[in-house]
Amino acid sequence: MAVGKNILRKDGYEKLTGAARYVDDVTLEGMLYGKTIRSRIARGRIKSIAYDAAFDWSQIVIADYRDIPGKNYVALIEDDQPLLAENEIRHYAEPILLIAAANKDLLEAAAHHIHIEYEQWSPVLSIEDALACREIIYGTDNIFKRFLIGRGDVEEGFAQAERIIEGEYRVPHQEQLYIEPQGMIAIPGNEAMTLMGSMQCPYYIHKAIKQLFHLNDEQVVVIQMTTGGGFGGKEEYPSVIAAHAALLAHKAQRPVKLIYDRAEDIAATPKRHPGVIRHRTGVRRDGRMVASEIDLVFDGGAYVTLTPVVLSRGVIHALGPYACDNVRIQARAIATNTPPNGAFRGFGAPQVAFAYEMQMEKIAAELGMDSLELRRINMLREGDTTATGQTLIWSVGSEEVLNEAVERANYQAQRLAFSQSHSSIQTSTTNHVEAHKRRGIGLSFFLHGAGFTGSGEAKMKAQAGIEIMANGHPRVLSGSTEIGQGTRTIFSQIVAEELSLDFSAVEIEEPDTSRVPDSGPTVASRTCMVVGRVVQMAAREVKAKLLHFVAERFAAPEVELREGKFMVAEKALADFQEMACEYVNLFGELRCFAHYASPPEIEWNEETYSGDAYPVYSWGAEVAEVEVDMDTYEVTVVRLTTAQDIGRAIHPLLAAGQIEGGTLQAVGYGLLEELVWDQGRIINNRLTNYIIPTALDAPDMETIIVEKAYPHGPFGAKGVGELPINGAAPAIAAAVFQATGAFLSEIPITPERLQAAIEKVTTDEHR
Amino acid sequence: MSDEKNKSDQQKSGVSRRSFLKASGISLGVPLVVGHRVINVNGQEVKLYGPTKTSITLTINGAKQTVEVEPRVTLLEALRHELDITGAKRVCDRATCGACTMIVGGKAVYSCTVLAIEAQGKPITTVESLMQGEKLHPLQQAFVDNDGQQCGYCTPGFVMACKAFLDKNPSPTPEEVQKGLGGNLCRCGTYMGVRAAVLQAATMHKGGKNHG
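All of these numbers come straight from a predicted model, not from anything done at the bench. For every chain, the first residue of the written sequence is number 1, and numbering continues from 1 along that sequence. The lettering of chains begins at A and the numbering of ligands begins at 1, in the order of writing. Only residues with pLDDT of 70 or above have their local features reported here, since the model is predicted, and side-chain atom pairs are shown and tallied only from 80 upward, although totals for entire chains, interfaces and linings are computed over all residues. The side-chain numbers reported here are obtained from all heavy atoms of the structure, hydrogens and water having been left aside.

Chemist: When you look at the sheet that holds strand β21 (residues 565-568) of chain A in this model, what are you seeing that I'm missing?
Modeler: Strand pairing in a sheet relies on backbone hydrogen bonds, with the paired strands running either antiparallel or parallel. Residue and element names in this part refer to chain A. Pairing is antiparallel in the open sheet, where three strands are placed in the order β20-β21-β22. Strand pairing shows two members of the sheet lacking a second neighbour, β20 (559-562) and β22 (571-575), which therefore form its edges. The mean angle between the axes of side-by-side strands here comes to 35°, regardless of whether they run parallel or antiparallel. A pair of strands is considered paired only if DSSP assigns at least 2 bridges between the two. In DSSP terms, a helix is any run of H or I states spanning at least four residues, a strand is any run of E spanning at least two, and both are numbered starting from the N terminus. Judged from the four bridges that link them, β20 and β21 form a sheet pairing that is antiparallel. Bridging from a neighbouring strand, leucine 561 pairs with phenylalanine 566 of β21. Each axis is a line fitted through C-alpha atoms, and for a helix only the stretch in contact is used; angles between axes span 0 to 180 degrees, taken between their N-to-C directions.

Chemist: Honestly, the domain arrangement of chain A in this entry has me stumped. Any pointers?
Modeler: Put simply, an interface is often sized by how much accessible area is lost when its parts join up. Residue and element names in this part refer to chain A. Each domain span listed reflects an automatic or database assignment of domains. What the domain assignment lists for chain A is domain 1 (12-121 + 182-259) and domain 2 (462-595). If you average the C-alpha positions of domain 1 and of domain 2, the two centres end up 37 Å apart. By the convention used here, residues are in contact when the closest approach between their heavy atoms is within 4.5 Å. With 18 residues of domain 1 at the interface, the matching set in domain 2 holds 15 residues. Interface area for domain 1 against domain 2, summed over the two sides, is near 1,300 Å², with a carbon-plus-sulfur share of 55%. When the area that domain 1 buries against domain 2 is broken down by residue, the three leading residues are Gln200, Tyr203 and Gln224, summing to 47%. Salt bridges are defined as contacts in which a side-chain nitrogen from Lys or Arg sits within 4 Å of a carboxyl oxygen from Asp or Glu. At the surface where domain 1 touches domain 2, the tally comes to zero salt bridges. We define a polar contact as two N or O atoms separated by no more than 3.5 Å, with the added condition that, inside protein, one atom must be a possible hydrogen donor and the other a possible acceptor, whereas residues neighbouring each other in sequence contribute only through side-chain atom pairs. Linking domain 1 with domain 2 are seven residue pairs in polar contact (both at pLDDT 80 or more), by the criterion used here. Taken together, the elements giving at least two residues each to the side of domain 1 that touches domain 2 come down to α5 (202-213) and β11 (220-224). Ranked by residues supplied to the side of domain 1 that touches domain 2, first place goes to β11 with five residues. Note on terms: buried area is the combined drop in 1.4 Å-probe accessible area of two parts once they are placed together, counting the loss on both.

Chemist: It is not clear to me how the environment of serine 122 of chain A should be interpreted in this structure. Could you clarify?
Modeler: All names here are of chain A. Examined against the element boundaries, serine 122 turns out to sit in the loop between β6 (114-120) and α3 (127-132). Distance in space between the C-alpha atoms of serine 122 and asparagine 337 is 9.5 Å, their sequence separation being 215 residues. If near-sequence neighbours (up to four positions away) are discounted, serine 122 is found in contact with Arg43 and Glu135.

Structure follows, in structure tokens:
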């Protein structure tokens, strides 16, 4: 048995020895280094571009928008983002020119001899500015996309409500901060272009390059190299870098390597969408939600890019794991003159999760009720219906995760103990030492739809295949990429399990568009659940073909495949490898491809935005215990306990790694990570001043994996990658609320923000 | 500059502007690669390099290697660009993340902020040296066993930082391990696995084996 075992990671050895080659570790003969010249204003127009006459430009390759053979846009959803600015500038660090040279010193020198003059226009830099429409920078109202979803009768619901509770929540940008900066190498050919580099989605790049260079499917080859993390940040943006490198390579007719340094990477590439989310909730005195009205606004930045899809996930997840019969959720994504925001693990869900969980805390506080009890009253269970009208028919681990997290963290006892210790401090106000550090414990409860939203998977029809190699071993053919999350390992386990082989016999083909089919992008927690399922189906087809072959060859009708051997009852006929080789020798090849098909039970209406938004949800609950220093207002997360229902853990150790890693990124989101802006420019674009969690910020973590099998996932597996990033920020904020009495409706909870909130509580109390 | 002023400068710093300019070779027609110049500073001979390329010798993973680099080139860039030793990564380039960690003269250093010329004469150890024949070093094995890596980009630096830590403190407590890992950033969030790996490697160490 391979599934459910902690086998050794396929890519572990080469990563530990330094042998793994990432894009910046490779140098090609005759290769040039490329650089992007970017705007230094947030909004305006290019007046002139001057090149110092004294500089020797003969050694520099320069490309601008006029060098693009195709249309000047990056193919994505709206095709509104130019590859290189022509005249108008819509955000700081927008690409204008590309230069390349044989060495980096020359390249940097050349960059200093280019002078761009601008006419500056008043930029739109916040959600409020965009909605106020003082300046119109997109369409007629600065709105990229709207959604309205709902069910029941909200007015009637509010009429029945005994209390109406309102809250406004703010969430910031967040930088993915993959440790390997973005990078790509373009190699030009005769009517051809090869791209190799750091990426999540080879076929996105394939599509973008074909359009820009008028090339066909075969003429463009995209190869993923070992990739040092993505977290969504290498979903859409690598298409821009690939196209820039390709343009320089096309002009120079030499390979070009384009690697971002950290400062450029943070300044220019997409972030998690910031947002403002308003909740108005009608509840009965017993805590039952009877009406919910939610308004969410995400800042999309200067171009549409993936914003509509992020907003779609946001609106669908906005009510969280709760049932309410009367719901209306309005969602808008607006344009600002800031770099486009894009994919980041969670993709719209962590923003709304902070809001819906803090709203639960607020409701509980106002009703004088325990927030755990409030969650239990309103939580979705199997058979319940979501805001989009989806009835949950399978794999609903909501109660299990909540119970597990609460029990393992000893939540109720701890909460009581902390609350008693706080009241004792308040009664003896003179004891400063006791009051110096306050403890609190908080809870969050959340869900995450796995796979693409709505009809996305049905349209995508992800493909993957298995081929038998000359040595009789299977090789997986899939465009899904390994970015550290374990794609190669779990695919080999799934195939090994289906073909009853040892996992080490399974090889994974490099993601290379000339050799693997389009499995869809490596995003949306879909690699295991969706593509893993397709890989499983392809393996089953291989198995069926070989069983048939062996049955005929041995004239034995009842052949089975067990432990790598073809058996009739207890008699072994031949082993897998031998028969697979024989098949290939006889018929030339054995390759089977499968397509993803949505489960027949799933129905989605794109027009009304209602129905089964996702085939299934993963469920999570998290308990955070914090210590707040009442002198410095620093928050230390002491312990995190998280229980997550992921259907089935194909590889429990890797799954736990995903949960711990996602949780830690969420600790950063909740406590540390904040971009500082000045007129549309990020001024803390370094690892020295954009703070992410270190080993010292990583609390003790306990992870409990709950397995409520999903019948259409491989061996019951659902998505795991994104779910864990939803939970920590609200759990920490809830714990801080208990510890200090300060209700934080905005993250990150920096000492400054916490100080202001605590001082406000003190002022209010003394009024 | 008057001779008098020149003289007083020389007395203050021990290096005259004129001798500096002369030593640094700022003149037309300098060869691309020059050796260091020797100047006299307060009666002592001091080697002066740059700004053009100069030949230096580094002892990397036990082998002496000669490279020609400008004196401003960092140890990280010298290894990555001149010698194709690419295990250590360039990530923040500001001595923050530790992805470039190497062990130089027995100490873990951020090689992005050490000049290559400064590392002359000291043994330089990188992740490439840890394998013992075909076998992983016990610390590397501990990383594999505890899944102390995901994307792998911080890993070579992290492994070297852990090695330097264990070399200094072969039997650390879990608290010491947590503190000892504070200099390396991992965004995948593998700190739990790394912690476990270091403790495992330490336990094996206690068993009396010599892991170099």
